[in-house]
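Here are the chains, one letter per residue:
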Amino acid sequence: MESIFRLPSWLLSLSTTRRAFTKNPHHNTSKLPLCNLRHPFLKRPPLDFTVGKIPLLLQSTREASSLVSAGWFQGLTQKKMDLPDIVKAGDPVLHEPALDIASEEIGSEKIQKIIEDMIQVMRKAPGVGLAAPQIGIPLKIIVLEDTETYINYAPKEETNAQQREPFDLLVIINPKLTKKGNKSALFFEGCLSVDGFRALVERYLEVEVIGLGRDGCPIKVNAIGWKARILQHECDHLDGTIYVDKMVPRTFRTVENLDLPLPSGCPKLGVQ
Ligand SMILES: [Zn+2]
């Protein structure tokens with residue numbers, strides 16, 4: 001899931017230009033054996049001067065160093081040819097259900113490499129969650145993390161309403177999600193596979209997810225608020241569902257229009 005940052009319009013145009021330079025390959029890899037699921041190296045412009053969609057040149061040294069510690073630069077220091085691109089909406093692979101991974105496969109070099117790639121891709125984007133189908137791999141793996149640094153870029157009243165708290169990196173294999181309680185929450189949501197857009201999506205306020213960690217051991221995660229939303233968003237990807245499949249359609253808008261009033265008759269944001 002995408003971090004909710006507001007991108008200035010001048011940066012949006014840069015972002016569009018950058019996309020024009022980055023030719024996405026066809027990622028319909030769902031029928032390929034895993035060993036063929038790597039994406040070819042894609043030529044990018046030499047300088048990526050947005051970090052977390054904040055212009056790097058406008059950041060203080062202290063901010064920049066905290067970004068480094070948050071891992072935001074890891075993608076820049078790693079050879080780009082090692083990292084797969086994010087599959088964008090429009091590719092049918094995003095609507096295919098992912099497959100379970102046999103527990104004896106989890107420790108394999110192949111699966112561990114996929115997990116490592118996913119973590120690096122998520123941090124480089126940057127995002128707060130990523131599902132394996134988003135790098136063209138139809139397996140049930142999700143990664144997620146949210147940091148103080150990311151959260152501090154959003155208005156405090158917004159993150160309070162979203163019940164958004166930082167949490168350490170989570171890797172969950174074969175996750176199974178169940179809702180807890182009957183409350184739901186309605187907030188704007190974005191996705192790394194749907195660049196530049198947001199929409200209101202209703203999610204359970206509180207969930208429980210069981211699955212396996214990257215070491216193959218069972219894990220159970222109880223989550224509320226924004227973390228619960230990220231878990232639902234990423235688990236949806238494993239079912240072949242993108243947020244646009246369950247958004248309130250009339251609220252779909254570009255990031256720069258995020259603060260404009262909702263159309264009349266739309267439900268109100270917040271816990272329902
Ligand atoms: Zn997504």
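Treat the numbers as computed from the prediction; the structure is a model and nothing was measured.

Reading the values: the criteria
- Residues numbered from 1 in each chain as written.
- Predicted model: local features only at pLDDT ≥ 70, side-chain atom pairs only at ≥ 80, totals over all residues.
- Heavy atoms only, no water.
- Helix = DSSP H or I, 4+ residues; strand = E, 2+ residues; numbered from the N terminus.
- Buried < 20%, exposed > 50% of the residue type's maximum accessible area, 1.4 Å probe, protein only.
- Contact = heavy atoms within 4.5 Å.
- Areas by Shrake-Rupley, 256 points an atom, 1.4 Å probe, with all protein chains shown as cover.
- 1 Å grid on protein atoms, 1.4 Å probe; cavity = no way out; pocket = protein on both sides within 12 Å on 5 of 7 lines; lining within 4 Å.
- Points joined across faces, edges and corners; volume = space filled by probe spheres on them.
- Core = buried A, V, L, I, M, F, W, Y, C linked by side-chain atoms within 4.5 Å.
- Donors = N, O, S within 2.8 Å, 3.2 Å for Na, K, Ca; no water.
- Pairing = 2+ DSSP bridges.

### A few points about the overall build of the protein
Moving on, step 1. Regarding its fold elements, the protein presents seven helices and 11 strands.
Moving on, step 2. When each of the 272 residues of the protein is scored for burial, the buried share is 49%.
Moving on, step 3. Partitioning the contacts of the protein with sequence separation of at least 6, the portion at a separation of at least 24 is 72%.
Moving on, step 4. For the protein, the exposed area adds up to about 13,200 Å²; of that, 56% sits on carbon and sulfur atoms.

### Regarding empty space enclosed by the protein
Moving on, step 1. Counted according to the given criterion, the structure contains one cavity of 30 Å³ or more.
Moving on, step 2. Put simply, the largest cavity is a space of about 60 Å³.
Moving on, step 3. If you trace the largest cavity, you find it lined by Ala-161, Gln-162, Gln-163, Ala-185, Phe-187, Arg-203, Tyr-204, Leu-205, Gly-225, Trp-226, Arg-229 and Val-271.
Moving on, step 4. Breaking the lining of the largest cavity down by element, the ones donating at least two residues are β6 (184-191), β7 (194-204) and α7 (226-238).

### Some thoughts on the nonpolar core
Moving on, step 1. By size, the foremost hydrophobic cluster in this structure holds 23 residues, and its most contacted members are Ile-142, Leu-144, Ile-172, Val-207, Ile-230 and Leu-231.
Moving on, step 2. For this core, the secondary structure elements donating two or more residues are β4 (141-146), β5 (167-179), β6, β8 (206-212), β9 (218-224) and α7.
Moving on, step 3. Looking at this core, the element that brings in the most residues is α7, giving six residues.
Moving on, step 4. When neighbours within four sequence positions are excluded, Ile-230 is seen to be in contact with Met-1, Val-128, Gly-129, Leu-144, Asp-146 and Phe-167.
Moving on, step 5. Judged by nonpolar contacts, the second largest core, of 22 residues, contains Leu-83, Ile-141, Ile-173 and Leu-192.

### Things to note about the coordination of the zinc ion
For a metal bound by four donors in tetrahedral geometry, the ideal donor-metal-donor angle is 109.5 degrees, whereas six donors in octahedral geometry ideally sit at 90 or 180 degrees.
Moving on, step 1. Binding of the zinc ion to the protein goes through Cys-191 (SG), His-233 (NE2) and His-237 (NE2), at separations of 2.0 to 2.2 Å.
Moving on, step 2. Donor residues binding the zinc ion come from one chain and are separated in sequence as C-x41-H-x3-H. Residue His-233 and its partner His-237 are both found in helix α7; the two are separated by four residues, about one turn of the helix. When sorted by exposure, His-233 lands in the same class as His-237, which is buried.

### Details of the pairing of β5
Moving on, step 1. Bridge count for β4 against β5 is five bridges, and the pairing is antiparallel. Paired with Val-143 across the bridge in β5 is Val-171.

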